[in-house]
Amino acid sequence: MTELERLAAALDAGAASGGVPVLATLVSAVGSSFRRPGARLIVMPDGSLAGAISGGCLEKDLAAHAEAVRHAGAVKVVDYDLTSDDGPWGLGMGCAAQLRVVLEPCPAGAPGWMRDALRRLRVSEELAVVEVGAFGTAPARGSAEALLVDRIVSPPYVVACGDGPDADCLAKLAELTGWLATLVRKDEPLPEATGSHLAVVLMTHNYERDRGLLERIIGSGTRAGYVGLLGPRTRTDRLLADLAAAGIAADAAARERLHAPVGLDIGAESPEEVALAIVAEIRAAFSARPGGRLRERRGPIHGRP
């Protein structure tokens, strides 16, 4: 289940209980923050929380504001300045940002834009961008405008081809991350999927099976955004050479999407560690990031590469 699906389910459950859940959305973040605009937190009618906006430093205060929003039945804007040591929000928070959070009551459960986004993302075959005007009206606080046009994209869809524990771990870790995942066992066909958010990982430990799967991926023109191959580079070179000899050559675009050996270089040994290395590389590839150490990165963590 993706994060957006979990949030929608929590909102619906809160409304079904007879209470009014409150949706808090980070609409602006200037500086270094734990999460970026579009992050959401739900304060349930019983005070429990779902989702996250910060690393835990703001949630308690937002829950208090949510109680007032629930009783007033109106949208509220809350600003935090974490750039100074003056006041409660500048001391020991670990962030250095100015944040604006909008809280809105959701008596009917998940709002219409959220349901529409989920419907559209479920049927999308591309990395579809759904632009959602989350707040169409400004709150009654002077001229302050709280409008977020959020870019919601399809989560990565991982197709793990294999029968071993490494394929199982990859599918489980992808799902735990909030992605979509499918296991393709022996003699099972590849799912009818395509798109730049699709990641197909071949880890059958069988040369002929990997050859057949790779032939289908390249020969059918499947536009997977990421294709990973387990095993040494020489094995991949041999696979590509065999396919080329059969008249199925990988063009430059296909080779650019091919990751072999698959995964980041983290010294992975166990199936769980191999899955971690692959999931990390998929995230880096889809984010157009090099996958290196953050301490060596120049510029903001959440900025463009």
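Our subject is the structure that appears above.
Residues numbered from 1 in each chain as written. Predicted model: local features only at pLDDT ≥ 70, side-chain atom pairs only at ≥ 80, totals over all residues. Heavy atoms only, no water.

Caption draft 1: Structural context of the overall build of the protein. Looking only at helices and strands, the protein features eight helices and 12 strands. Excluding contacts between residues fewer than 6 apart, the proportion of contacts in the protein whose partners are at least 24 apart in sequence is 62%. As presented, the protein carries roughly 15600 Å² of accessible surface, and 53% of it is formed by carbon and sulfur atoms. (Helix = DSSP H or I, 4+ residues; strand = E, 2+ residues; numbered from the N terminus. Contact = heavy atoms within 4.5 Å. Areas by Shrake-Rupley, 256 points an atom, 1.4 Å probe, with all protein chains shown as cover.)

Caption draft 2: Broad picture of the nonpolar core. In terms of nonpolar packing, the biggest core is built from 23 residues, with Val-159, Cys-161, Leu-190, Val-200, Leu-202, Leu-214 and Ile-218 touching the most fellow members. It is helix α5 (residues 207-219) that provides the largest number of residues to this core, a total of five residues. Contact partners of Cys-161, with chain neighbours within four places excluded, come to Val-184, Leu-190, Val-200, Val-201, Leu-202, Met-203, Thr-204 and Leu-213. (Core = buried A, V, L, I, M, F, W, Y, C linked by side-chain atoms within 4.5 Å. Buried < 20%, exposed > 50% of the residue type's maximum accessible area, 1.4 Å probe, protein only.)

Caption draft 3: Region of the structure containing the sheet that holds strand β10 (residues 195-202). What the five strands build is an open sheet, ordered β9-β8-β10-β11-β12; its pairing is parallel. Single-partner strands in this sheet number two, and they are β9 (180-184) and β12 (258-259). Across five bridges, strand β8 (residues 157-161) lies against β9 in parallel orientation. Across the sheet, residue Ala-160 finds its bridge partner in β9, namely Leu-183. Each of β8, β10, β11 (224-229) and β12 is contacted by helix α8 (residues 271-286), which is oriented at about 155° to β10, the strand it contacts most. (Pairing = 2+ DSSP bridges. Axes fitted to C-alpha atoms, helices over the stretch in contact; angles between N-to-C directions.)

Caption draft 4: Just the packing of helix α4 (residues 165-176) against α8, in detail. Direction vectors running N to C along α4 and α8 enclose 50°, while the axes themselves pass 8 Å from each other. Between α4 and α8, the crossing angle belongs to the class labelled oblique. Viewed along their axes, α4 and α8 form a crossing whose handedness is right-handed. Counting all contacts with α4, which are made through Pro-165, Asp-166, Cys-169, Leu-170, Leu-173 and Ala-174, the residues of α8 involved are Pro-271, Glu-272, Ala-275, Leu-276, Ile-278 and Val-279. For the contact of α4 with α8, the per-class residue count stands at 10 nonpolar, no polar and two charged. (Parallel < 35°, antiparallel > 145°, perpendicular 65-115°, else oblique. Left-handed = near helix turned anticlockwise from the far one by under 90°. Nonpolar A, V, L, I, M, F, W, Y, C, P; charged D, E, K, R; others polar.)

Caption draft 5: Representation of the environment of Thr-194. Checked against the element boundaries, Thr-194 lands in the loop between β9 and β10. With relative accessibility at 22%, the residue Thr-194 sits in the partly exposed group. Separated by 29 residues in sequence, Thr-194 and Arg-223 have C-alpha atoms that sit 5.5 Å apart.

Caption draft 6: Highlighting the packing of α5 against helix α6 (residues 233-245). Two elements in contact, α5 and α6, have axes separated by 10 Å at closest approach and are oriented at 60°. Overall, the two elements α5 and α6 adopt an arrangement that is oblique. In the crossing of α5 with α6, the sense of the turn from one axis to the other is right-handed. Contact with α5, carried on its side by Tyr-207, Asp-210, Arg-211, Leu-214, Glu-215 and Ile-218, involves Arg-235, Arg-238, Leu-239, Leu-240, Asp-242 and Leu-243 of α6 and no other residues of that element. Looking at the contact of α5 with α6 residue by residue, the classes come out as six nonpolar, no polar and six charged.

Caption draft 7: Layout of the side chain of Ser-33. Within the element layout of this structure, Ser-33 appears in the loop between β1 (22-32) and β2 (40-43). What makes Ser-33 buried here is its relative accessible area of 9%. Among the polar contacts listed, one links the side chain of Ser-33 to the backbone oxygen of Arg-35, at a separation of 2.6 Å. A polar side-chain atom of Ser-33 sits 3.0 Å from a polar atom in the side chain of Arg-36. (Polar contact = N/O pair within 3.5 Å; in protein donor to acceptor, adjacent residues only side chain to side chain.)

Caption draft 8: Spatial organisation of α8. The first and last C-alpha atoms of α8 sit 23 Å apart over 16 residues, in line with the 22 Å expected at 1.5 Å per residue. All of the buried residues in α8 are Val-274, Ala-275, Ala-277, Ile-278, Val-279, Glu-281, Ile-282 and Ala-284. Of the surrounding secondary structure, the elements contacted by the buried residues of α8 are β8, α4, β10, β11 and β12. Once α8 ends, the next one or two residues include Ala-288, with phi positive near 55°. (Expected span 1.5 Å × (residues − 1).)

Caption draft 9: Structural view of the pattern of salt bridges. Inspection of every chain in the model, using the stated rule, returns nine salt bridges. Between Asp-210 and Arg-235 there is a salt bridge, with the nearest N and O atoms lying 2.9 Å from each other. Note that Asp-210 is positioned in helix α5 and Arg-235 in helix α6, a separation of 25 residues in sequence. Judged by relative accessible area, Asp-210 falls into the buried class, the value being 1%. Note on Arg-235: relative accessible area 18%, which makes it buried. (Salt bridge = Lys/Arg side-chain N within 4 Å of Asp/Glu carboxyl O.)

Caption draft 10: How the structure looks around the packing of aromatic side chains. A complete count under the given rule lists one aromatic pair for this structure. Measuring from centroid to centroid gives 6.5 Å for Tyr-226 and Phe-286, while their planes differ by 80°, and the two rings are edge-to-face. On the criterion of sequence distance, the pair formed by Tyr-226 in strand β11 and Phe-286 in helix α8 is long-range, its members being 60 residues apart. Residue Tyr-226 is classed as buried on the basis of its relative accessible area, which comes to 0%. (Phe/Tyr/Trp six-rings, centres within 6.5 Å; stacked < 30°, edge-to-face > 60°.)

Caption draft 11: The arrangement of the sheet that holds strand β4 (residues 76-81) in detail. Spatial strand order, β3-β2-β1-β5-β4: five strands in an open sheet with antiparallel pairing. Pairing within the sheet leaves two strands with one partner each, and these edge strands are β3 (49-51) and β4. Mean inter-strand twist for the sheet, computed between neighbouring axes without regard to direction, equals 20°. Relative to strand β5 (residues 96-105), β4 is paired through six bridges, and the arrangement is antiparallel. Bridged to Val-77 within β5 is Val-102. Packed on one face of the sheet, helix α1 (residues 3-16) meets β1, β2 and β3 and runs near 20° to β2.

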